[in-house]
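The lines below spell out each chain.
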Amino acid sequence: MDACPHYPIRLHINGQERTFAVEAWVTLLDLLRERAGLTGTKKGCDHGQCGACTVLLDGRRINACLTLAVMQDGHAVTTIEGLADGDRLHPLQQAFIEHDAFQCGYCTPGQICSAAGLAAEGQATTYDDVRELMSGNLCRCGAYPQIARAVCAVQGIAIPGPEST
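Residues numbered from 1 in each chain as written. Predicted model: local features only at pLDDT ≥ 70, side-chain atom pairs only at ≥ 80, totals over all residues. Heavy atoms only, no water.

S.K.: How would you sum up the overall build of the protein? Please name residues and give values.
M.R.: For the protein, the count of helices and strands is 5 helices and 5 strands. Going from N to C terminus, the protein has its helices and strands arranged as β-β-α-β-β-β-α-α-α-α. Its C-alpha atoms give the protein a radius of gyration of 17 Å, near enough to 15 Å, the size a compact globule of 165 residues would have. Judged by the C-alpha coordinates and their principal axes, the protein covers about 65 × 30 × 25 Å. Out of the 165 residues belonging to the protein, those deemed buried represent 41%. Contacts in the protein between residues far apart in sequence, at least 24 positions, make up 53% of those at least 6 positions apart. For the protein, the computed accessible surface area is about 8700 Å², with 50% contributed by carbon and sulfur atoms. Looking at charge distribution, the protein has the averaged site of its 12 positive side-chain charges lying 2 Å from that of its 18 negative ones. (Helix = DSSP H or I, 4+ residues; strand = E, 2+ residues; numbered from the N terminus. Rg over C-alpha atoms; globule rule 2.2 N^0.38 Å. Buried < 20%, exposed > 50% of the residue type's maximum accessible area, 1.4 Å probe, protein only. Contact = heavy atoms within 4.5 Å. Areas by Shrake-Rupley, 256 points an atom, 1.4 Å probe, with all protein chains shown as cover. Lys, Arg positive; Asp, Glu negative; His and termini not counted. Charge placed at Lys NZ, Arg CZ, Asp CG, Glu CD.)

Spelled out as structure tokens, the structure:
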């Protein structure tokens, strides 16, 4: 029986060029976690429903579990590990700490990558916009108000008082 064919791909992951040989069915999520050793990106539902696997692809947020690695040959991928600048946290990472925007932390990498993509999109101008546009990222602990506040703080969006959240 013939071995499964492997396809060469080149990705720019967190600013570094990396090459891989992957089978056609390998998802970007599995490549990042199992072959690139970047385990910050989480596998939640594996169906694109929870957002735990959100990364930035050429600056746009995507669910890494729903895209095949071979389809991303030559593209730039930013994971949670690539957002910080050495020991200096990304402003979103710092805001999540300051606003207590996580409890168990499992969804946090996907939430932060999604928020970075949201900021780049420039469509959120209100707290409600942030809540709506971040709705693809689930938090089983229910830290949604704190997450929205953290994102708003970084983007300079007014944060409503506690009675309106």
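Here the narrative resumes.
S.K.: Describe the pattern of salt bridges, listing the residues and the values that go with them.
M.R.: A complete count under the given rule lists 4 salt bridges for this structure. As a salt-bridge pair, Lys-43 and Asp-46 come within 3.8 Å of each other at their nearest N and O atoms. Residues joined in a network through salt bridges with shared partners are Asp-30, Lys-43 and Asp-46. (Salt bridge = Lys/Arg side-chain N within 4 Å of Asp/Glu carboxyl O.)

S.K.: Break down the nonpolar core for me, citing the residues and quoting the values.
M.R.: Formed by 25 residues in total, the largest nonpolar core has its most connected members in Phe-96, Val-130, Ile-147 and Val-151. Those elements that place two or more of their residues in this core are helix 2 (91-98), helix 3 (108-121), helix 4 (127-133) and helix 5 (144-155). For Phe-96, the residues in contact, after removing those within four places along its chain, are Ala-101, Phe-102, Thr-108, Gln-111, Ile-112, Ile-147, Ala-150 and Val-151. Ile-9, Val-55, Ile-62 and Ala-69 belong to the second largest nonpolar core, which has 20 residues in total. (Core = buried A, V, L, I, M, F, W, Y, C linked by side-chain atoms within 4.5 Å.)

S.K.: Residues and numbers for the layout of surface pockets, please.
M.R.: Looking at the largest pocket, its volume works out to about 210 Å³. In terms of lining, the largest pocket is formed by 15 residues, of which the most central are Tyr-106, Cys-107, Leu-138, Cys-139 and Arg-140. For the lining of the largest pocket, the class distribution of residues is 10 nonpolar, 4 polar and 1 charged. (1 Å grid on protein atoms, 1.4 Å probe; cavity = no way out; pocket = protein on both sides within 12 Å on 5 of 7 lines; lining within 4 Å. Points joined across faces, edges and corners; volume = space filled by probe spheres on them. Nonpolar A, V, L, I, M, F, W, Y, C, P; charged D, E, K, R; others polar.)

S.K.: Just give me the short version of the sheet that holds strand 3 (residues 54-57), but keep the residues and values in it.
M.R.: With mixed pairing, 5 strands are arranged side by side in an open sheet as 2-1-5-3-4. At either end of the open sheet lies a strand with only one pairing partner, and these are strand 2 (16-22) and strand 4 (60-63). Strand after strand, the sheet turns through a mean of 40° between neighbouring axes, direction not considered. Relative to strand 2, strand 1 (residues 7-13) is paired through 7 bridges, and the arrangement is antiparallel. Counterpart to Arg-10 in the pairing with strand 2 is Thr-19. Against the sheet, helix 1 (residues 28-35) touches strand 1, strand 2, strand 3, strand 4 and strand 5 (76-78), its axis set at about 105° to strand 2. Docked against the sheet, helix 3 engages strand 3, strand 4 and strand 5, running at close to 35° with respect to strand 3. (Pairing = 2+ DSSP bridges. Axes fitted to C-alpha atoms, helices over the stretch in contact; angles between N-to-C directions.)

S.K.: Pulling in residues and values, what's your account of helix 1?
M.R.: Considered for burial, the residues of helix 1 that qualify are Leu-28, Leu-29, Asp-30, Leu-31 and Leu-32. Residues of helix 1 that are buried in the fold lie against strand 1, strand 2, strand 3, strand 4 and strand 5. Positive phi appears at Gly-37, one or two residues downstream of helix 1, with a value of about 70°.

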